[in-house]
Amino acid sequence: MSKSLFNNLRVVLLDRDGVINEEPGPILTPEQFMMIPKSAAAVARLNAEGLRCFVITNQAAFARGDLSESAFQAITDKMHHELQKAGAHLDGQYYCPHHPDWENGERREVPAHCACRKPGTLLLEQAAVEHGFSAEESILIGDSTSDFAAASKWGIFSIGVHTGHGGQDSKVKADPDYWQDDLWSSVEFLLANAS
Ligand SMILES: [Mg+2]
Ligand SMILES: [Zn+2]
């Protein structure tokens, strides 16, 4: 009897920057938000397979004072629009606006660690509670060590992509369970090995 790598897969948790869109630097305006080739088509494939997709993203530019709620909303609107053009949609987005060393555009005197910034798992847990899924049904695709660490803390598989940071950010010590070139090839790999 053959066993697939990913059993009962229902949910794909996606990092945003470096997975869905290019990340040449912080994304502070809709103009800076450029899709990675075929990432929208990859999400459309997940949608077509009935797998729910949630973006889980660290947005420390809020804490640094570089990103406003309205700018973030405009960037989110552009993402939805770009996805829509490929017939793709997201089932939700969760973001952490914090940074351990920054608050309201000022350097903190004492670092403060929130539970939502990846590698924290609070956003993953929140998505699971609000949308009725479990860790066992989920996988995470990311480009940073903080993504891989969050996935392993929550006890789920992760796929690392070579786009964005490509795992070279050295923030925390963590590896993904699998490597793929980009979101498109991650989705092909997932679908070939899911049940
Ligand atoms: Mg990223
Ligand atoms: Zn946070």
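Not measured: the values here are computed from a predicted model.

K.L.:
Mind laying out the overall build of the protein chain, listing which residues take part and the relevant values?
P.N.:
Along the backbone of the protein chain there are five helices and eight strands. Over its C-alpha trace the protein chain gives a radius of gyration of 16 Å, about what one expects of a compact globule, namely 16 Å for 195 residues. Projected onto the principal axes, the alpha-carbon positions of the protein chain cover approximately 60 × 35 × 30 Å. Here the protein chain holds 195 residues, and 39% of them are scored as buried.

K.L.:
Kindly report on the packing of helix α1 (residues 39-48) against helix α5 (residues 183-192), identifying the contributing residues and their values.
P.N.:
Interaxial distance between α1 and α5 falls to 8 Å at its minimum, and their mutual angle equals 25°. Considered as vectors, α1 and α5 are oriented roughly parallel to each other. Our pair here, α1 against α5, has a crossing hand that is left-handed. Taken together, the residues of α5 that come into contact with α1 (itself represented by Ser39, Ala41, Ala42, Arg45 and Leu46) are Leu183, Trp184, Val187 and Leu191.

K.L.:
Mind laying out α1, listing which residues take part and the relevant values?
P.N.:
Restricting attention to buried positions, one finds in α1 the residues Ser39, Ala40, Ala42, Val43, Ala44 and Leu46. Buried residues belonging to α1 abut β1 (11-14), β2 (52-58), α2 (69-85) and α5.

K.L.:
Now, about the sheet that holds strand β6 (residues 138-142): what can you tell me, with residues and values included?
P.N.:
If you walk across this open sheet you meet the six strands as β3-β2-β1-β6-β7-β8, and the pairing is parallel. If you trace the sheet from one side to the other, it starts and ends with β3 (92-96) and β8 (178-180), each paired once. Put simply, the sheet's adjacent strands are angled 25° from each other on average, direction ignored. Note that β1 and β6 share four bridges and pair parallel. Paired with Leu14 across the two strands is Ile141, which belongs to β6. Against the sheet, helix α3 (residues 122-131) makes contact with β1, β2 and β3, and its axis sits at roughly 150° relative to β3, the strand it touches most.

K.L.:
So, helix α4 (residues 145-154): which residues are in play, and what are the values?
P.N.:
By the criterion of burial, α4 is predominantly enclosed, with eight of the ten residues buried. Residues of α4 that are buried include every one of Thr145, Ser146, Asp147, Phe148, Ala149, Ala150, Ala151 and Trp154, and no others. In the core, the buried residues of α4 are packed alongside β2, α3, β6 and β7 (157-161). Among the residues trailing α4, Gly155 stands out with phi positive, at a value near 80°.

K.L.:
I'd love a proper account of the pairing of β6, names of residues and values included.
P.N.:
Across the five residues that make up β6, a large majority, five, are buried. Burial of β6 is two-sided: the residues Ser138, Leu140 and Gly142 facing one way and the residues Ile139 and Ile141 facing the other way are all buried. Two strands pair when backbone bridges link them, and β6 and β7 are joined in this way by four bridges, in the parallel orientation. Looking at β7, one finds that Ile141 is bridged to Ile159. In terms of handedness, the path from β6 via α4 over to β7 forms a crossover that is right-handed.

K.L.:
How would you explain the pairing of β7 if you had to name every residue and give the values?
P.N.:
For β7, a buried count of four out of five residues is recorded, marking the element as mostly surrounded by other parts of the structure. Strand direction decides the pairing type here: β7 and β8, joined by three bridges, are parallel. Paired with Ile159 across the bridge in β8 is Tyr178.

K.L.:
Describe the environment of Asn193, and please don't skip the residues or the numbers.
P.N.:
Following the sequence through the fold, Asn193 ends up in the segment after α5. As for Asn193 and Phe6, which are separated by 187 residues in sequence, their C-alpha atoms are 6.1 Å apart. Sequence-distant contacts of Asn193, defined by excluding residues within four places in its chain, comprise Ser4, Leu5 and Phe6.

Conventions used here
Every residue gets a number counted from 1 within its own chain, in the order that chain's sequence is written. Labels follow written order: the first chain is A, the first ligand is 1, and so on. Whole-chain, interface and lining totals are the exception, using all residues; otherwise, since this is a predicted model, local features are given only for residues with pLDDT of at least 70 and side-chain atom pairs are given and counted only at 80 or more. Numbering goes from the N terminus for both helices and strands, where a helix is a DSSP run of H or I of at least four residues and a strand is a run of E of at least two. Radius of gyration means the value over C-alpha atoms here, while the globule rule gives 2.2 Å times the residue count to the 0.38 power. Three exposure classes are used, based on other C-beta atoms lying within 10 Å of a residue's own C-beta, which is placed from the backbone: buried for 20 or more, exposed for 12 or fewer, and partly exposed in between. Interaxial angle, 0 to 180 degrees, is taken between N-to-C directions of lines fitted to C-alpha atoms, where a helix line uses only the stretch in contact. Comment on the angle field: the value is read as roughly parallel under 35 degrees, roughly antiparallel over 145, roughly perpendicular from 65 to 115, and oblique elsewhere. Throughout, a crossing is termed right-handed when the near helix is turned clockwise from the far one, and left-handed when it is turned anticlockwise from it by less than a right angle. Residues are treated as contacting if the C-beta atoms built from their backbones sit within 7 Å of each other. Only strands that DSSP links by at least two bridges are regarded as paired with each other. By convention, a crossover is right-handed whenever its connection, traced from the first strand over the helix to the second and viewed with the strands pointing away, goes clockwise.

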